[in-house]
Amino acid sequence: MTSQYNDPSIAAKIPEEYVDRTQERYESMPAFVRFLLLAMSGAGALLAVVYIFGIIPLLDVTYYFLLMAMYLPVAFLLLPAHKREFRAGWLSYLPAMAIFGLTLLMAYQGRNLVFQTWVPVGEPWQLWVAAAIFVLILDTARRSGGMIFLTIVLILGLYPIYAEYMPGMLWGPPTTLARTIAFNVYSGDAMLGIVTRVVAETIIGFLILAALLVATGAADFFLKLAMAMMGRARGGPAKVSVLASGFFGSLSGSIFGNVVSTGSVTIPSMKKAGFPGHYAGALEACASTGGMLMPPVMGAVAFIMADFTNTEYGVIVIAAIIPSALYFFGLYVHVHGYASRNNIQGMDQEDLPKLRDTLLEGWPFIIVLGFLVYALVVLRLERLAPFYASALLMILTTFKKELRISPRKVPGVIFQIGKMLSQTMGLLLPTAFILGGLMATGVAPVIASELVRMGGGSVVIVLAIGVGVCIIFGMLGMIVAAYLMLALTLAPALEQMAGLNTLAIHLFIAYYATLAAITPPVALAAFLASRISDSDPIRTSMHAARLGIVLYFIPIFFLFEPALIFQGPLHLTAIWLTMNIIAIVLIAGGSEGYLFKYGRVRAWARTVLIIGGLLIGFPEAITTLIGFAMVTLTLLLKPWAQLPETYLSRTGSETQSAKPQVQVNHG
């Protein structure tokens, strides 16, 4: 996977909005602009090191605005102002210069802001500064997230202006446009609050590490490792997709970037092996979505959750181990069942890298990721861990000539850091306005209380409301926005009415917001994968929802049994982990029509396996016993439950009689 798009025919199928043209825009810029862009990117990374390690004392506000001054202009230069702006023009240069000057001004005024000698609504020019920054950051929302994202940010960010006209629990005290904008830009409850703090103090280190990993060839190593480990297994290319997307998801930080990057290699391989296009696309969408949940480096929501709940990030990493492992285990069992039912074999050994050679080639990456886990979980160096890991990576790669970052690679690394940080800021900073809109009116606690009242004491009703909001916002690609809204409203309601574990509630919200990427009717990850796999989007999304079924019920299970996220006694963790492993085997067997060590099953038995599996996995003794009774009785009725091996599935692919030859680009 040396190139993001190895096959031109695949690149042509990817929708324009998902094609990364930042490199082309960068190379088309004049030399002095490229130099400035790299200088700002490098200066931002150096600034982060200086601030986070306390080398030079800086006020938080001053540091935040300086970091914005380094990376927001880069966002304007790399992200097009409109679809026809293939090269940066004045519609990109002018806002880049404007945001650079305005954020530098605010960095200079940082001390006055902190000590309140700067009065945000005192002078007209101060309001104009706030308004200009507000509008420019909204433009980064449009460029990075599209018009729907911009619309949602505007509606919720300006909510205080029309809150007095809203009914019931949505009512808020009247305020002015000037005060609303000033609050959004200058307040610690909005743009200078949790979102910016997480980006500037935590995420930046992990993005720098990700850029270094990509530059040293980690993405290619993890793909080769997945192929060496899973390539020969039954349905090998699909199992490679599951493993590789899980590895790569932690590096990319984006579900859609993961689909495009790994899917451009794995989807054609799956199709050549005998998997139909809709299945290949659905599996890649599910695996890429799961990459955002895979410890140790999870998506932006995990970092925001740690700050929001005042929980150490290492605790969240530990909490996510079992749910993410169960999710990928579910994908694996689905693939194994489909491959067994359709006799899809693995790849030929000569087409695969050797595991020993692969490990010898990429051992520095294994050590670095192992150290990162140790630093996060044991040493609890949340902000410092990625910087130490980056330094360790630089040292270890000097022993491997092919991995070493030579002087000619340095500009590319700095460019990747600037690209990742600028696009992250462009997507996350606008969500701070959503937080500001809700905080300025004080409606969040009122909504929480009203949810309790509407639920009438029923947790199920309140959960259903929250799940609906998660999926709607997640369908729009607004995972962070969905989390922030529900963390302010739904989480307090669930704690108040049911006394559920705080971390379990917040993980539940994050998982269901992520789930929307594979949930019809607007499953964006599945739709994108369907373009690469040449399959029907709706059919692909329906299969993605089926394959990713674990992600639908595991959050509910750990919500009612926190031991599944290591928030309870270890003996309960062991018991319910075992029950859920059994449940996943049964559910995947029913879903695919092939039960491990049992064989093909008839339609009525498939339904019983799925229902029985859900009952077994639910953390409650009576339902578990009922589930075991249902499944045991069904399996004992073997002559009526089992299909003969000669039966051809009329709903899936035809049985593969010959072993396909797969040609895979190892990079």
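Everything below is about the structure shown above.
First, a word on scope: everything that follows refers to the structure included in this document. All values reported here derive from a predicted model rather than from experimental measurement.

All right, on to the overall build of the chain then. Within the chain, the regular secondary structure consists of 31 helices and 2 strands. For 667 residues, the compact-globule formula gives about 26 Å, and the C-alpha radius of gyration of the chain, at 25 Å, lands near that figure. Principal-axis analysis of the C-alpha atoms gives the chain an extent of 85 × 65 × 45 Å. For the chain, with 667 residues in total, the buried portion stands at 57%.

Right, let's get into the side chain of Lys-419. Tracing the backbone through its elements, the reader meets Lys-419 in helix α19 (residues 410–441). The exposure class assigned to Lys-419 is buried, which follows from its relative accessible area of 13%. Contacts of Lys-419, omitting those with residues within four sequence positions, involve Asp-20, Thr-22 and Leu-78.

Its place among the elements puts Ala-588 in helix α28 (residues 570–592). Taking C-alpha positions, Ala-588 is 51 Å from Leu-91, a pair spaced 497 residues apart along the chain.

Our focus in this paragraph is the layout of surface pockets. Each pocket or cavity is described by its volume, and for the second largest pocket that value is around 420 Å³. What lines the second largest pocket is a set of 21 residues, and nearest its centre among them are Leu-156, Leu-170, Ile-447, Val-469 and Met-485. Listing elements by their share of the lining of the second largest pocket, those giving two or more residues are α7 (124–157), α8 (159–162), α20 (443–455), α21 (459–475) and α22 (479–488). Top contributing element to the lining of the second largest pocket by residue count: α21, with 5 residues. Tallied by class, the residues present in the lining of the second largest pocket amount to 19 nonpolar, 2 polar and no charged.

Inspection of every chain in the model, using the stated rule, returns 2 cavities of 30 Å³ or more. When its volume is computed, the second largest cavity comes out at roughly 30 Å³. Every residue lining the second largest cavity is listed: Val-333, His-336, Gly-337, Val-585, Gly-589, Tyr-594, Leu-595 and Phe-596. If you list the elements that add at least two residues to the lining of the second largest cavity, you get α16 (313–342), α28 and β1 (594–595). In terms of residue count, the dominant contributor to the lining of the second largest cavity is α16 (3 residues). A per-class count over the lining of the second largest cavity returns 5 nonpolar, 3 polar and no charged.

In this section: the nonpolar core. With 214 residues, the main nonpolar core has Tyr-63 and Phe-275 as its most contacted residues. If you tally residues by element for this core, the top one is helix α10 (residues 194–215), at 15 residues. Sequence-distant contacts of Phe-275, defined by excluding residues within four places in its chain, comprise Gly-235, Ala-238, Met-270, Val-335, Tyr-338, Ala-339 and Ile-344. Core analysis: the second largest hydrophobic core is formed by 9 residues, Ala-226, Ala-244, Met-347 and Leu-352 among them.

On to helix α26 (residues 537–547). What α26 keeps buried is the set Thr-540, Ser-541, Ala-544, Ala-545 and Leu-547. Here the buried residues of α26 occupy an arc of 165° about the axis, which is enough to place them on one side. Summarising the contacts, the buried residues of α26 are in contact with α14 (277–291), α16, α25 (524–533), α27 (550–560) and α28. The distance from a side-chain oxygen at the start of α26 to the backbone nitrogen of Ile-538 is 3.3 Å, and the residue carrying that oxygen is Asp-536.

When the terminal C-alpha atoms of helix α3 (residues 31–52) are compared, their 32 Å separation across 22 residues agrees well with the 32 Å that a helix rising 1.5 Å per residue should span. For α3, the full list of buried residues reads Val-33, Leu-37, Leu-38, Met-40, Ser-41, Gly-44, Ala-45, Leu-47, Ala-48, Val-50, Tyr-51 and Ile-52. Of the surrounding secondary structure, the elements contacted by the buried residues of α3 are α2 (22–28), α4 (60–78), α5 (90–108), α10, α18 (385–397) and α19. With its phi angle positive at about 70°, Gly-54 sits one or two positions after the end of α3.

Our next topic: the packing of aromatic side chains. Taken as a whole and assessed by the stated rule, the structure comprises 23 aromatic pairs. For the pair Phe-53 and Phe-387, a centre-to-centre distance of 5.7 Å together with 75° between the ring planes defines the contact as edge-to-face. Residue Phe-53 is located in the loop between α3 and α4, and its partner Phe-387 is located in helix α18; the two are separated by 334 residues in the primary sequence. Phe-387 gets classed as buried once you look at its relative accessible area, which sits at 10%. Where Phe-221 meets Phe-222, the ring centres are 5.2 Å apart and the plane angle is 55°; that geometry is what we call tilted. The exposure class assigned to Phe-222 is buried, which follows from its relative accessible area of 4%. Across from the ring centre of Tyr-598, 5.4 Å away, lies the NZ or CZ of Lys-638, which sits over that ring.

The next point concerns the pattern of salt bridges. Scanning the model with the defined rule gives 10 salt bridges in all. Notably, a salt bridge pairs Arg-142 with Asp-139, separated by 2.8 Å at the nearest N-O pair. Taken together, the residues Arg-142 and Asp-139, both in helix α7 and 3 residues apart, mark about one turn of the helix. Looking at Asp-139, the relative accessible area reads 17%, which means it is buried. Here Asp-139 makes a salt bridge to Arg-143, at a shortest N to O gap of 3.1 Å. Taken together, the residues Asp-139 and Arg-143, both in helix α7 and 4 residues apart, mark about one turn of the helix. Side by side, Asp-139 and Arg-143 carry an identical accessibility label, which is buried.

Cis rather than trans, the peptide bond between Pro-295 and Pro-296 has omega equal to 5°. With respect to the helices and strands, Pro-296 occurs in the loop between α14 and α15 (300–308). Positive phi values are uncommon outside glycine, yet Asn-343 reaches one of about 55°. For Asn-343, a relative accessible area of 28% corresponds to the partly exposed category. The phi torsion at Lys-597 lies on the positive side, around 65°, for a residue other than glycine. Within the secondary structure, Lys-597 is located in the loop between β1 and β2 (599–600).

Topologically, Glu-561 is positioned in the loop between α27 and α28. Despite its burial, Glu-561 remains without a salt bridge, the nearest opposite charge being carried by Arg-380 at 19 Å. Excluding residues within four positions of it along the chain, Glu-561 makes contact with Leu-572, Trp-576 and Pro-619.

Criteria and thresholds
Residues numbered from 1 in each chain as written. Predicted model: local features only at pLDDT ≥ 70, side-chain atom pairs only at ≥ 80, totals over all residues. Heavy atoms only, no water. Helix = DSSP H or I, 4+ residues; strand = E, 2+ residues; numbered from the N terminus. Rg over C-alpha atoms; globule rule 2.2 N^0.38 Å. Buried < 20%, exposed > 50% of the residue type's maximum accessible area, 1.4 Å probe, protein only. Contact = heavy atoms within 4.5 Å. 1 Å grid on protein atoms, 1.4 Å probe; cavity = no way out; pocket = protein on both sides within 12 Å on 5 of 7 lines; lining within 4 Å. Points joined across faces, edges and corners; volume = space filled by probe spheres on them. Nonpolar A, V, L, I, M, F, W, Y, C, P; charged D, E, K, R; others polar. Core = buried A, V, L, I, M, F, W, Y, C linked by side-chain atoms within 4.5 Å. Arc of directions from axis to C-beta. Polar contact = N/O pair within 3.5 Å; in protein donor to acceptor, adjacent residues only side chain to side chain. Expected span 1.5 Å × (residues − 1). Phe/Tyr/Trp six-rings, centres within 6.5 Å; stacked < 30°, edge-to-face > 60°. Lys NZ or Arg CZ within 6 Å of the ring centre and 35° of its normal. Salt bridge = Lys/Arg side-chain N within 4 Å of Asp/Glu carboxyl O. Lys, Arg positive; Asp, Glu negative; His and termini not counted.

Structural measurements only, silent on function.
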